[in-house]
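# Understanding the architecture of this molecule
If you want the building blocks of each chain, they are given just below.
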Amino acid sequence: MANTNLTSVFNNKLIWITGASSGIGEQLCYDLSKMGARLILSARRTDELERVRNACQSPETHTVLPLDMLNEADVINAADKVANELGTVDYLFNNAGITQRSLINETDADIYRKVMELNYFSQVTITRKVLPGMLARGSGHIVTTSSIAGLIGIPYRSAYCSSKHAIIGFMDSLRSEVHDKGLRVTTLCPGFVRTNIIDTARREGTAQEKVEDTVIKNGMAVDEAVAEVLEAVANEKEQVIIAKGKEGMGPIIKRLFPSVIYKMVRKMALT
Ligand SMILES: NC(=O)c1ccc[n+]([C@@H]2O[C@H](COP(=O)([O-])OP(=O)(O)OC[C@H]3O[C@@H](n4cnc5c(N)ncnc54)[C@H](OP(=O)(O)O)[C@@H]3O)[C@@H](O)[C@H]2O)c1
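Residues numbered from 1 in each chain as written. Predicted model: local features only at pLDDT ≥ 70, side-chain atom pairs only at ≥ 80, totals over all residues. Heavy atoms only, no water.

To be explicit about the condition: UniProt positions are given in the numbering used here, feature names are shortened, and annotations may be inferred rather than shown by experiment.
In the nomenclature of an unreviewed UniProt entry, the chain corresponds to Short-chain dehydrogenase from the organism Thalassolituus maritimus. The Sequence similarities (unreviewed entry) comment attached to the chain in UniProt states, word for word, "Belongs to the short-chain dehydrogenases/reductases (SDR) family."

### Considering the sheet that holds strand β6 (residues 183–190)
For the record, the criterion: When DSSP finds at least two bridges between two strands, those strands are taken to pair. Numbered from the N terminus, helices here are DSSP runs of H or I no shorter than four residues, and strands are runs of E no shorter than two.
Spatially, β3-β2-β1-β4-β5-β6-β7 is the arrangement adopted by the seven strands of the open sheet, whose pairing is parallel. With one partner strand each, in any of the chains shown, β3 (63–64) and β7 (239–242) form the two edges of the open sheet. Of the strand pairs in this sheet, strand β1 (residues 14–18) and strand β2 (residues 38–42) are connected by five bridges, and their pairing is parallel. Residue pairing in the sheet places Trp16 in a bridge with Ile40 of β2.

### Here we look at the layout of surface pockets
For the record, the criterion: Using only the protein atoms, space was sampled on a 1 Å grid; points where a 1.4 Å probe fits but cannot get out form cavities, open sets with protein on both sides within 12 Å along at least five of seven lines form pockets, and lining residues are those with an atom within 4 Å of a point. Grid points are joined across faces, edges and corners, and a volume is the space filled by probe spheres set on the points. Ten residue types, Ala, Val, Leu, Ile, Met, Phe, Trp, Tyr, Cys and Pro, are classed as nonpolar, four, Asp, Glu, Lys and Arg, as charged, and the remainder, Gly among them, as polar.
In this model, the second largest pocket occupies a volume close to 180 Å³. Around the second largest pocket sit 13 residues that line it, and Lys13, Asp90, Tyr91, His141 and Glu236 are the ones nearest its centre. Elements with a contribution of two residues or more to the lining of the second largest pocket: β5 (140–145) and α9 (222–234). Looking at the lining of the second largest pocket residue by residue, the classes come out as four nonpolar, four polar and five charged.

Below is the structure:
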């Protein structure tokens, strides 16, 4: 379906977006609000969430719901609040995430746990919380931002790649269990997108200060990436790669010619 009328798909839908204070989540808010969706914006920084909400179309129709997804109780309480006060969401965008930049032998064990906690466990928790309502209603769509790094392991990002691989496995299992019950599951695998992801990681202590990341600086524009995301979600794609050129070909090269991709990633540098 090439010319999906996105507005007719998302208009008046209740959509919960995590990681809404920046980057891909922020852009999702702008685009979906223009299509008439009612949004729930979550992340930790309330002031940034308010800034995004106020920049959305019809701000008064959207709800800011701050939460720290590294805190399981916070996620559970937020999901209960959504269910009790706003109802069952139509779409959950599991988008909050953190990256990591350091060699394995220079990475502390607690960084592995932190990245896995946010990029995997918190998403399992929030998804399991919205699931009963969606199953009872017989509809709902879970959208998760994994990454091409969830399909191919690359240097300097061992914690990040592991977490993004793990969430793809969980979402594949979920899709197979809920499809016949009317639910849809889309996994997004973007390549490099120009966001604040590396600054966020520095702030969180999961990226070494000295590491430069020009691949992010040269990545896809966030509005372009989100346009592809919404097209894929509206068309109920199971998994979508959002990247251009050689980067976008990576997963298919890995499947057909694995030793070629391993050689390519060995040569990847962070400059
Ligand atoms: N940029 C890329 O190249 C790229 C490529 C592939 C996949 N992705 C994925 O896309 C998603 C969005 O990343 P982005 O590029 O838009 O980066 P970003 O600009 O750094 O956004 C990350 C979002 O996650 C939120 N977040 C971080 N820690 C959190 C926590 N403990 N609890 C709740 N929210 C938290 C941040 O908000 P607060 O700090 O306010 O909490 C922010 O809204 C991530 O899952 C990322 O892995 C990005």
